[in-house]
Amino acid sequence: MISTEEGSALCVRRGEHRSVSTMLIGEVAPGDQLLVFIDSAIRRLDAEEARLIDDALDGVAAALEGRPFEHLFADLIDREPELPAHLRRDPQ
């Protein structure tokens with residue numbers, strides 16, 4: 001994000017500038033990285049999570065174009081899929 005005013009922020013990512021609502025997450029500061037859905041920020045991201053999301057987007061684009069993409073999903077290779085904590089059953 002590059003600038004803020006009450007209730008909104010001007011964000012730039014992948015060359016696209018977009019004004020997004022910050023009403024769901026409260027105050028933000030320039031430099032914060034935000035997860036945005038339909039022009040609303042839904043949570044802050046740390047740098048590593050933002051990088052993983054960018055890699056995944058690049059990976060999908062590469063796959064669609066027939067280019068190598070596996071290296072962009074390095075965090076998923078050689079590990080079993082995991083459900084998010086809120087979907088896991090409590091062990092009995």
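An account of the accompanying structure is given in this report. Nothing here was measured: the structure is a model prediction, and the numbers come from that model.

Observations concerning unusual backbone geometry
Item 1. One non-glycine residue, Arg14, lies in the positive phi region at around 55 degrees.
Item 2. Tracing the backbone shows Arg14 in the loop between β2 (8–13) and β3 (16–21).
Item 3. The phi angle at Asp78 is positive, at roughly 65 degrees, despite the residue not being glycine.
Item 4. Inspection of the secondary structure assignment puts Asp78 in the segment after α1 (47–64).
Item 5. Overall, the relative accessible area of 80% leaves Asp78 in the exposed class.

As for the packing of aromatic side chains
Item 1. Tallied over the full model, the rule gives one aromatic pair.
Item 2. Seen in terms of ring centroids, Phe69 and Phe73 are 6.3 Å apart; in terms of plane orientation they differ by 80 degrees. Their pairing is edge-to-face.
Item 3. Note on Phe69: relative accessible area 30%, which makes it partly exposed.

A look at the pattern of salt bridges
Item 1. Throughout the structure, instances matching the rule amount to 12 salt bridges.
Item 2. Note that Asp32 and Arg44 form a salt bridge whose closest N and O atoms lie 3.7 Å from each other. Residue Asp32 is located in the loop between β3 and β4 (33–37), and its partner Arg44 is located in strand β5 (residues 40–45); the two are separated by 12 residues in the primary sequence.
Item 3. Between Asp55 and Arg51 there is a salt bridge, with its nearest N and O atoms 2.6 Å apart. You can see Asp55 and its partner Arg51 sitting in helix α1, four residues apart, about one turn around the helix.
Item 4. Taking the relative accessible area as the measure of exposure, Arg51 reaches 38% and is therefore partly exposed.
Item 5. Each of Arg13, Arg14, Asp54 and Asp58 takes part in one network of salt bridges that share partners.

Topic: the pairing of β2
Across a regular strand the side chains alternate sides, sitting on one face of the sheet and then on the other.
Item 1. Note: strand β1 (residues 3–5) against β2, three bridges, orientation antiparallel. Residue pairing across strands places Thr4 opposite Ala9, the latter belonging to β2.
Item 2. Linking β1 to β2, which pair antiparallel, is a turn of two residues; within it Gly7 sits at a positive phi near 85 degrees.
Item 3. Sheet analysis places β2 next to β3, joined by six bridges and oriented antiparallel. The residue bridging Val12 from the neighbouring strand is His17, located in β3.
Item 4. Hairpin connection, β2 to β3: the antiparallel pair is bridged by two residues, and Arg14 has positive phi, about 55 degrees.

Rules and cut-offs
- Residues numbered from 1 in each chain as written.
- Predicted model: local features only at pLDDT ≥ 70, side-chain atom pairs only at ≥ 80, totals over all residues.
- Heavy atoms only, no water.
- Helix = DSSP H or I, 4+ residues; strand = E, 2+ residues; numbered from the N terminus.
- Buried < 20%, exposed > 50% of the residue type's maximum accessible area, 1.4 Å probe, protein only.
- Phe/Tyr/Trp six-rings, centres within 6.5 Å; stacked < 30°, edge-to-face > 60°.
- Salt bridge = Lys/Arg side-chain N within 4 Å of Asp/Glu carboxyl O.
- Pairing = 2+ DSSP bridges.

So far we have only geometry, and geometry alone does not tell us how the molecule works.
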